[in-house]
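Commentary on secondary and tertiary structure
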Amino acid sequence: MAFVPFDDRDGWIWMNGDFVPWREAKTHVLTHALHYGSSVFEGERMYAGEIFKLTEHTERLHRSANLLDFEIPFTVAEIDEACKATCARMGLDDCYVRPVAFRGPEQVSVSAFRNKTHVAIAVWDWPSYFDPETKRKGIRIEWAKWRRPDPLTAPSTAKAAGLYMICTMSKMAAESRGYSDAMMLDWRGFIAEATGANVFFVQDGVLHTPCIDAILDGITRQTVIELARAKGIEVVVRDILPEELAGFSECFVTGTAAEVTPVSEIGEHRFTPGDLSLGLMEDYGRLVRRQL
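From a predicted model like this one, the values you see are computed outputs, not experimental measurements. (Residues numbered from 1 in each chain as written. Predicted model: local features only at pLDDT ≥ 70, side-chain atom pairs only at ≥ 80, totals over all residues. Heavy atoms only, no water.)

**Here we look at helix H3 (residues 76-90)**
- With 15 residues, H3 ought to run about 21 Å at 1.5 Å a step, and its terminal C-alpha atoms sit 21 Å apart, in line with that.
- Residues of H3 that are buried include every one of Ile79, Asp80, Ala82, Cys83, Thr86 and Cys87, and no others. End-on, the buried residues of H3 take up no more than an arc of 165 degrees, which puts them together on one face.
- Just past H3, the residue Gly91 takes up positive phi, approximately 70 degrees. (Helix = DSSP H or I, 4+ residues; strand = E, 2+ residues; numbered from the N terminus. Expected span 1.5 Å × (residues − 1). Buried < 20%, exposed > 50% of the residue type's maximum accessible area, 1.4 Å probe, protein only. Arc of directions from axis to C-beta.)

Structure (structure tokens):
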């Protein structure tokens, strides 16, 4: 498939309450968010005409903005409707949805009292992040060089653009060496998350997943925990040391893009996708497509 730059496509993008042609959805080079990272966003998927857990995503968008000390000038309900309307305007019923809120170009300085908050929503066709065969075999992950920051140094529970700088660096480094992703530790040395996905491990039929005090509490993560507990699977949320990975039999990552994707290796550790991982992967697929 030929590469198509995202700024040169047909269609429409919702911006500040109106639809504008895709190629005209622009902002100024002196936009505050470009210089100082004052931007928050969400990643959502529409399956068969319905955006999965849309309101939960929009509520988190508002919480993220509040953590960065700005307010979104549209209500949760207004953004929900705008997301649906953008999908309809694009003629898509299976797609990726990207709302973003950011401080504009009105003032260029570290402080931003005069900057307006702008909101945009773009949607595009995006198939599964990994093909079914790759998911069943499990993806390969390496250790990241960078660590997730201490929550006293950054609003680490926000889905803020600035927090993804080290994720981009880590994922590009991993992909350049033939891996699919990188696993990050937190500032204390505990397992944190992959660059855009939460992580789960299996030991003797029990799910173990890291605490969320310094990472994003993914909506897919929350959904998988609900699915697991509904099946009678014990879920333990705790601090996990890297050396503990040798004792886990299965591993998988979760996220809007990754959905539920088994992992075959993290650095020197090997895992075999098994009934628990593959079962939750299938359960999640049925849920989002309303087949449960």
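**Some words on the pairing of strand S15 (residues 259-266)**
- For S15, a buried count of 8 out of 8 residues is recorded, marking the element as mostly surrounded by other parts of the structure.
- Of the strand pairs in this sheet, strand S8 (residues 139-143) and S15 are connected by 3 bridges, and their pairing is parallel. Bridging from a neighbouring strand, Arg140 pairs with Glu265 of S15.
- Relative to S15, strand S14 (residues 250-255) runs antiparallel, the two being bridged by 4 bridges. Each residue of the ladder has a partner; that of Phe252, found in S15, is Pro262.
- Where S14 folds back onto S15 in an antiparallel hairpin, the turn is made up of 3 residues.
- In the sheet, S15 pairs with strand S16 (residues 269-270) via 2 bridges, with the strands oriented antiparallel. Of the residues in S16, the one forming a bridge with Glu265 is Arg270.
- In this antiparallel pair of consecutive strands, S15 and S16, the connection spans 2 residues, and Gly267 shows a positive phi of 60 degrees. (Pairing = 2+ DSSP bridges.)

**Quick notes on a nonpolar patch on the surface**
- Taken together, the side chains of Val29, Leu30, Leu34, Tyr36, Val108 and Val110 present a nonpolar region at the surface, about 590 Å² in accessible area.
- Structurally, Val110 is set in the loop between strand S6 (95-103) and strand S7 (117-124). (Patch = residues over 30% accessible without salt bridge, like charges linked within 9 Å, V, L, I, M, F, W, Y side chains within 5 Å. Areas by Shrake-Rupley, 256 points an atom, 1.4 Å probe, with all protein chains shown as cover. Salt bridge = Lys/Arg side-chain N within 4 Å of Asp/Glu carboxyl O.)

**Brief notes about helix H5 (residues 165-176)**
- Between the first and last C-alpha of H5 there are 17 Å, a value that for 12 residues agrees with the 16 Å anticipated at 1.5 Å per step.
- For H5, the set of buried residues is Ile166, Cys167, Ser170, Lys171 and Ala174. Taken end-on, H5 shows its buried residues confined to a sector of 125 degrees, consistent with a single buried face. Of the exposed residues in H5, those oriented more than 90 degrees away from the buried face are Met165, Met172 and Ser176.
- Residues of H5 that are buried in the fold lie against S8 and strand S9 (181-185).
- Of the residues flanking the end of H5, it is Gly178, one or two places downstream, whose phi is positive at about 90 degrees. (Contact = heavy atoms within 4.5 Å.)

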